[in-house]
Amino acid sequence: GDTPILGWIVVGNLFYAVHRGTLYEINNAGVITSRGTLSTTSGKVDLSYNGIVVLIVDGTAGYTYTVASTTFAVIADGDFPNGVTTCAWLDGQFIVGGDGTDQFFISPDGTAWDALDFATAESNPDGIVRVFANNGEVLLFGDNTLEPWGNNNQGDFPFSPIKGGISTFGLAARWSLCEFNSGIAALMIPPGGQVQVMFI
């Protein structure tokens, strides 16, 4: 159409795209099926997949789509954090953040959320711009820093910061971040510098 898709993800041989507030499924024969309706029709959305459920966040609400049963639902749990714009999946947990604070939240299934299941990026109070999972790490991109967290195999909260991996490069454009070869690429900005394409 005359407007771009707001976000997309590939699940097996299915392509899921959000366009004008509708989640569409496109199969490998090109057949398009509407699977659900979001409460927003503009702005970017982020999607992640845990092998069963696609989690969708749009900065206003959260949604789940169960692939096998083709069930779409708005997350009704009152503990779902307000305003989150990005999501990821790593080591049995959905991760959401990017609401302008330094906090990120986790859930094992995307439906049930606990207000106490959160942690705070600690290296710099620059707010989380995007959460991203890559090479077994949760990457917390801020305006001025990149802070990696890893699985600590503890029951209370499964992730902790990797102190030696903190970088003083910030994410200049939230939606420029993408997987590239065996790493990631993004528009980043160094302290007092100019925006540049970086490969991490």
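Just above, that's the structure.
Residues numbered from 1 in each chain as written. Predicted model: local features only at pLDDT ≥ 70, side-chain atom pairs only at ≥ 80, totals over all residues. Heavy atoms only, no water.

A. A look at the overall build of the protein chain. Per the secondary structure count, the protein chain includes 0 helices and 20 strands. Rg of the C-alpha trace for the protein chain: 17 Å, near the compact-globule value of 16 Å for 200 residues, within the 12% margin. With the C-alpha coordinates aligned to their principal axes, the bounding extent of the protein chain is approximately 45 × 40 × 30 Å. Taking all 200 residues of the protein chain together, the buried fraction comes to 46%. Sequence-distant contacts in the protein chain: of pairs separated by 6 or more residues, those separated by 24 or more amount to 39%. A total accessible area of about 9,500 Å² is found for the protein chain, and carbon and sulfur atoms account for 52% of it. For the protein chain, the distance from the average site of its 6 positive side-chain charges to the average site of its 19 negative ones is 12 Å. (Helix = DSSP H or I, 4+ residues; strand = E, 2+ residues; numbered from the N terminus. Rg over C-alpha atoms; globule rule 2.2 N^0.38 Å. Buried < 20%, exposed > 50% of the residue type's maximum accessible area, 1.4 Å probe, protein only. Contact = heavy atoms within 4.5 Å. Areas by Shrake-Rupley, 256 points an atom, 1.4 Å probe, with all protein chains shown as cover. Lys, Arg positive; Asp, Glu negative; His and termini not counted. Charge placed at Lys NZ, Arg CZ, Asp CG, Glu CD.)

B. Inspection of the sheet that holds strand β16 (residues 159–161) at higher detail. On the basis of which strands lie adjacent, the open sheet formed by 4 strands has the order β13-β14-β15-β16 and antiparallel pairing. Where the open sheet ends on each side, the last strands, each with one partner, are β13 (128–134) and β16. Here the strands of the sheet are splayed against their neighbours by 30° on average, with no regard to which way each runs. Bridging between strand β15 (residues 146–151) and β16 involves 3 bridges; their strand directions are antiparallel. Paired with Asn 151 across the bridge in β16 is Phe 159. (Pairing = 2+ DSSP bridges. Axes fitted to C-alpha atoms, helices over the stretch in contact; angles between N-to-C directions.)

C. Structural view of the environment of Tyr 16. By secondary structure assignment, the location of Tyr 16 is in strand β2 (residues 14–19). For Tyr 16, a relative accessible area of 0% translates into the label buried. Separated by 73 residues in the primary sequence, Tyr 16 and Trp 89 place their C-alpha atoms 17 Å from one another. Among the polar contacts listed, one links the side chain of Tyr 16 to the side chain of Glu 25, at a separation of 2.7 Å. (Polar contact = N/O pair within 3.5 Å; in protein donor to acceptor, adjacent residues only side chain to side chain.)

D. Representation of empty space enclosed by the protein within the structure. Enumeration according to the criterion identifies 1 cavity of 30 Å³ or more in this entry. Counted as a void, the largest cavity has a volume near 50 Å³. Taken together, Ala 121, Ser 123, Asn 124, Asp 126, Gly 127, Ile 128, Leu 140, Phe 141, Gly 142, Thr 145 and Glu 147 form the lining of the largest cavity. The greatest single-element share of the lining of the largest cavity, amounting to 3 residues, is contributed by strand β14 (residues 137–142). Class assignment of the residues belonging to the lining of the largest cavity gives a composition of 4 nonpolar, 5 polar and 2 charged. (1 Å grid on protein atoms, 1.4 Å probe; cavity = no way out; pocket = protein on both sides within 12 Å on 5 of 7 lines; lining within 4 Å. Points joined across faces, edges and corners; volume = space filled by probe spheres on them. Nonpolar A, V, L, I, M, F, W, Y, C, P; charged D, E, K, R; others polar.)

E. Just the pairing of strand β9 (residues 86–90), in detail. Within β9, 4 of the 5 residues are buried, leaving the element largely enclosed by the surrounding structure. In terms of strand pairing, β9 meets strand β10 (residues 93–97) through 5 bridges, oriented antiparallel. Counterpart to Ala 88 in the pairing with β10 is Ile 95. The hairpin turn running from β9 into β10, its antiparallel successor, is 2 residues long, and Asp 91 in that turn takes a positive phi close to 50°.

F. Quick peek at the layout of surface pockets. Here the largest pocket is characterised by a volume of approximately 650 Å³. Forming the boundary of the largest pocket are 23 residues, of which Trp 8, Asp 46, Leu 47, Arg 130 and Phe 132 lie nearest the centre. Of the residues that constitute the lining of the largest pocket, the class distribution is 17 nonpolar, 2 polar and 4 charged.

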